[in-house]
Amino acid sequence: MCADKIKIDICCGTTCYLLGAADLVQLEAKLPDEWKDKVEIAAVPCLEACTTDKLGQAPFVRVNGELIPRASAEAICECLFELISGQTRGGAR
Amino acid sequence: MNGAERMRRELMIRVVRDFTGGRLEETIDRIPILLRPKNAPFSRCCLYHDRAVLKYRLMALLGCRLEDEDDESKPLSAYLNEALAADLSIEGEPLTVASAGCSGCPESRVVVTSNCRGCFARPCLFSCPKGAITVENQQSRIDYDKCVKCGRCEKACPFNAITRTVVPCESACPVGAIRKNEHGVAEIDFSRCVFCGQCFGACPFAAIMERSQLVHILQAMKRGQKLVAIVAPSALMQFPGSVEQLFSAIHQAGFCDVMEVALGAEETTAHEAREFVEKMLAGQPLMTTSCCPAYVELVRKHVPALLDKISTTPSPMKFAARQARARHPDAKVVFIGPCIAKRHEAREAAEVDAVMTFEELGALLAGRNIDLQGQPPWPLERPAAESARNYARSCGVSAAVLDELRRSIPELADFKLDVQTINGIDKKTLRTLKLHAAGKAPGNFLEVMSCPGGCVRGPCSLVK
Ligand code: FES
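Conventions used here
- Residues numbered from 1 in each chain as written.
- Chains lettered and ligands numbered in written order.
- Predicted model: local features only at pLDDT ≥ 70, side-chain atom pairs only at ≥ 80, totals over all residues.
- Heavy atoms only, no water.
- Pairing = 2+ DSSP bridges.
- Helix = DSSP H or I, 4+ residues; strand = E, 2+ residues; numbered from the N terminus.
- Axes fitted to C-alpha atoms, helices over the stretch in contact; angles between N-to-C directions.
- pLDDT = per-residue confidence, 0-100.
- Buried < 20%, exposed > 50% of the residue type's maximum accessible area, 1.4 Å probe, protein only.

## Considerations on the sheet that holds strand β3 (residues 61–63) of chain A
Two modes of strand pairing occur in sheets, parallel and antiparallel, and in both the strands are linked by backbone hydrogen bonds.
All names here are of chain A.
Here comes step 1: Taken in spatial order, the four strands make up an open sheet running β2-β1-β3-β4, and their pairing is mixed. This sheet does not close on itself; its edge strands, each paired only once, are β2 (39–44) and β4 (66–68). On average, each strand axis in the sheet is tilted by 20° relative to the strand beside it, whichever way the strands run.
Here comes step 2: Relative to β4, β3 runs antiparallel, the two being bridged by three bridges. By the bridge assignment for β4, Val 61 is matched with Ile 68.

What follows is the structure, encoded as structure tokens:
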């Protein structure tokens, strides 16, 4: 079962925490109920994305291995929607 | 978190990172440009305005009083060199206004917007007690010679067509200490300001800044000065991980020892309970807490009749600083908390040498790549009492003092204890406070916290 879950790693390294991850800690509450058992949310140590300017800006979140820079609850939901329904919101692109 | 907070934190992290990497002197003049490169989006009228305000932001971060700027061509590196050569403690008020950042928001008034449909019933016109509204060309109009800003038309309009413009800093300030000067930009009147930090959080242009000691602290560490960190109880829940892990991280960031301010709060509790009984037995009708520095300043400047009712018990910060000094006579003491007014209290107190906010602490850890997860727990000599750690929350102080009274002072049975609390200073609670001063409000023990909810909601806290 667990293997099928979408893994959401919220970086709680100090840089990410300071620049917004502190607000993402309640992400679970913001997800639609029907998604809640499909995801596995973890607070993880520094993803080392903050040490270079090349990967974008903190806070970083990793969804099934894909790095989302300047992550917000909305951006994460967008990404989850694609993974769960296999399409982008608002139709095929 | 909003854009202003984000920018503030980003700058702090960058400054710590570059300082730690030994390159700040060379990078500091470039930071405004690196953060606002050409072709990148900007927030004010243009890129150049953003960069100009970033320069002021960095000056405030270096501890400058922006009002004192007399040479606009002076580069940031020159200000940095001054800060590096200066002592740890800095003088003067903790807040400063960047006039270039102030948008000069138009004076607050009630306005009719284009939503007005010029309706038949005209409730606005009928609700106005001053006859200030007329209708011209199917649009309501307000005669500002007559309008008293009562807002009744605003409430009466079924189309939400009437609204009130605000000057956020002025409406946030509980004591009328911030006003436009002759150039139309905000200016703080420090004979009125209580350093509560409400304007600082309210200004959407982030033009009101705190004068930081961050670089002074970094430089003291580099010079090999021993620094002890005393950490406010509101630190709990501000950072991921346990307090013990946070303390280990603070130690790793360059402090020789880390202590809980809550240990000082224990002393405050015992002392304040004793003082309360003495005062009551001597016939004093009311005693108030003294631990919130914005409240103490409020009384000094606006409710002097309460001055002799404030407890003379030192604040937890002062007691904790004394403990820190006793343990490390050769070290300087840095208070870490969520508060701007503490900067002021520390500058007046001999016990504390510098103040750092939770935001600055976070930036210190981030800039030095210190993570909290995986930190070993710091060996606390003993954890502070729960009641002392609760000082950070509204009602925490009075609960601790009450508890202490019940436990240790039997003569208490002779009089009735009546605890009142003021949770957040605003224009309304200021009126309540004046009633207490005039002896027209109930209660013989009054707890006052400037921030609604207590220190945990302080202006420089990370999680609100
Ligand atoms: S703190 Fe998040 S990537 Fe380093």
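## Notes on the confidence of the model for chain A
Here comes step 1: A residue-level look at chain A finds 89% of positions with pLDDT of 70 or above and a mean pLDDT of 83.
Here comes step 2: No element of chain A has a lower mean pLDDT than helix α2 (residues 27–30) of chain A, which averages 82, and none a higher one than β3 of chain A, which averages 93.

## Things to note about unusual backbone geometry
Here comes step 1: Residue Ala 58 of chain A is joined to Pro 59 of chain A through a cis peptide bond whose omega torsion reads 0°.
Here comes step 2: Looking at the element boundaries, Pro 59 of chain A is found in the loop between β2 and β3.
Here comes step 3: In this structure, Asn 160 of chain B is a non-glycine residue whose phi angle is positive, near 50°.
Here comes step 4: Here Asn 160 of chain B lies in the loop between α7 (152–156) and β5 (162–164).
Here comes step 5: A residue is classified by how much of its surface remains accessible, and Asn 160 of chain B, at 61% relative accessible area, is exposed.
Here comes step 6: One non-glycine residue, Asn 369 of chain B, lies in the positive phi region at around 55°.
Here comes step 7: The topology assignment puts Asn 369 of chain B in the loop between α16 (358–367) and α17 (386–389).
Here comes step 8: Take Asn 369 of chain B: its relative accessible area is 54%, and that puts it in the exposed class.

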